[in-house]
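# A look at the structure
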Amino acid sequence: MQIRLFIDRDLTVGATVPLTESQAHYLRNVLRAELGAELFVFNGKDGEFAAVLSSLNKKDGEIQICRLLREQPEKRDVRLYFSPLKRDCTEWVVEKATELGVTRIVPVITEYTSVKHVNTERLRLIAIEACEQCRRLDVPEISEPVALKELLIAQNDAEPLLIHLDETGRGQKASVVFSGIESAAFLVGPEGGFSETERALIAETPHTAGMDLGERILRAETAAVSALALFMCR
Ligand code: SAM
């Protein structure tokens, strides 16, 4: 089995890098890794390296960085602005959006948002685990929640196109919305949808487009993941 670990430190060939307590626990008690085991490590900015487990105790350990395997790829700016959902659904969205390549996830508080508290630290850990699993080398940024109005005020032509997922049938097809763009920011409404006031504000905001995902009303998490999959797999 290939062991992949996110290491939150600078990585260079020849360096000896300490493991955190939870990494040592995971390697020792979950994977039962032996000294000398090969690991694949990344830190979100320096690429991917092969490393060897050089010491392992109950609460700590070290790895030796051996060689560079992959350079850090350029990343696209692909954002997901979504209204927080019940904890499991939010975590599912973060995991799947990470696998699909989103680079920034921003919880957005709207008029009908019912879940207002978001544990961004836990969401960051979920995103790291998803990166380890899917061999992704950068970790998406998880921002603190913002109010929809603030997000719309900050929107301008220099930002990625803000693509409002619109279940009313008034949006355009994905192929039309995606034409000629390399970056994108998807805005998904809460389970209760956007209010009429919010819809009017979105319509007045520069550099936005409405997108239709078909005739059925999707759950917010389905809409988020479907839009990202369509964009990333064009
Ligand atoms: N309140 C709405 C209703 O009951 O008619 C449903 C909201 S839906 C559960 C949550 C969000 O998912 C929507 O605000 C929208 O952003 C997105 N969404 C759901 N279905 C969609 C579709 N067919 N096309 C585009 N976006 C969709």
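A brief structural summary.

Reading the values: the criteria
Residues numbered from 1 in each chain as written. Predicted model: local features only at pLDDT ≥ 70, side-chain atom pairs only at ≥ 80, totals over all residues. Heavy atoms only, no water. Patch = residues over 30% accessible without salt bridge, like charges linked within 9 Å, V, L, I, M, F, W, Y side chains within 5 Å. Areas by Shrake-Rupley, 256 points an atom, 1.4 Å probe, with all protein chains shown as cover. Salt bridge = Lys/Arg side-chain N within 4 Å of Asp/Glu carboxyl O. Helix = DSSP H or I, 4+ residues; strand = E, 2+ residues; numbered from the N terminus. Buried < 20%, exposed > 50% of the residue type's maximum accessible area, 1.4 Å probe, protein only. Pairing = 2+ DSSP bridges. Axes fitted to C-alpha atoms, helices over the stretch in contact; angles between N-to-C directions. Parallel < 35°, antiparallel > 145°, perpendicular 65-115°, else oblique. Contact = heavy atoms within 4.5 Å. Phe/Tyr/Trp six-rings, centres within 6.5 Å; stacked < 30°, edge-to-face > 60°. Lys NZ or Arg CZ within 6 Å of the ring centre and 35° of its normal.

Quick look at a nonpolar patch on the surface now. On the surface, Met1, Tyr26 and Val30 cluster together into a nonpolar patch covering about 350 Å² of accessible area. Summarising the element assignment, tyrosine 26 is placed in helix H1 (residues 21–30). Residue classification places tyrosine 26 among the partly exposed residues on the basis of a relative accessible area of 34%.

It is worth spelling out the sheet that holds strand E4 (residues 48–56) at this point. As summarised here, the arrangement of the five strands in space is E1-E3-E4-E5-E2, forming an open sheet in which the pairing is mixed. Every other strand in the sheet has two partners, leaving strand E1 (4–6) and strand E2 (16–18) as the edge strands with one partner each. For this sheet, the mean angle separating the axes of adjacent strands, direction not counted, is 40°.

Running from amino to carboxyl end, helix H2 (residues 87–100) crosses helix H7 (residues 220–232) at an angle of 0°, the nearest separation of the two axes being 10 Å. Compared by their axis directions, H2 and H7 come out roughly parallel. Residues Cys89, Trp92, Val93, Lys96, Ala97 and Leu100 of H2 pack against Glu221, Ala224, Val225, Leu228, Ala229 and Met232 of H7.

Inspection of every chain in the model, using the stated rule, returns four aromatic pairs. Their ring planes at 65° and their centres at 5.5 Å tell us that phenylalanine 6 and phenylalanine 42 sit as a pair that is edge-to-face. Pair noted here: phenylalanine 6 is in strand E1 and phenylalanine 42 is in strand E3 (residues 38–42), with a separation of 36 residues, a long-range link. A centroid spacing of 4.9 Å and a plane angle of 75° characterise the contact between phenylalanine 178 and phenylalanine 231, whose relative ring orientation is edge-to-face. One end of the pair, phenylalanine 178, is in the loop between helix H5 (174–177) and strand E11 (184–188); the other, phenylalanine 231, is in helix H7, with 53 residues separating them in the sequence. An aromatic cluster of at least three residues, connected via ring pairs, comprises Phe178, Phe186 and Phe231. The ring of phenylalanine 231 has arginine 234 lying over it, and the distance from NZ or CZ to the ring centre is 4.1 Å.

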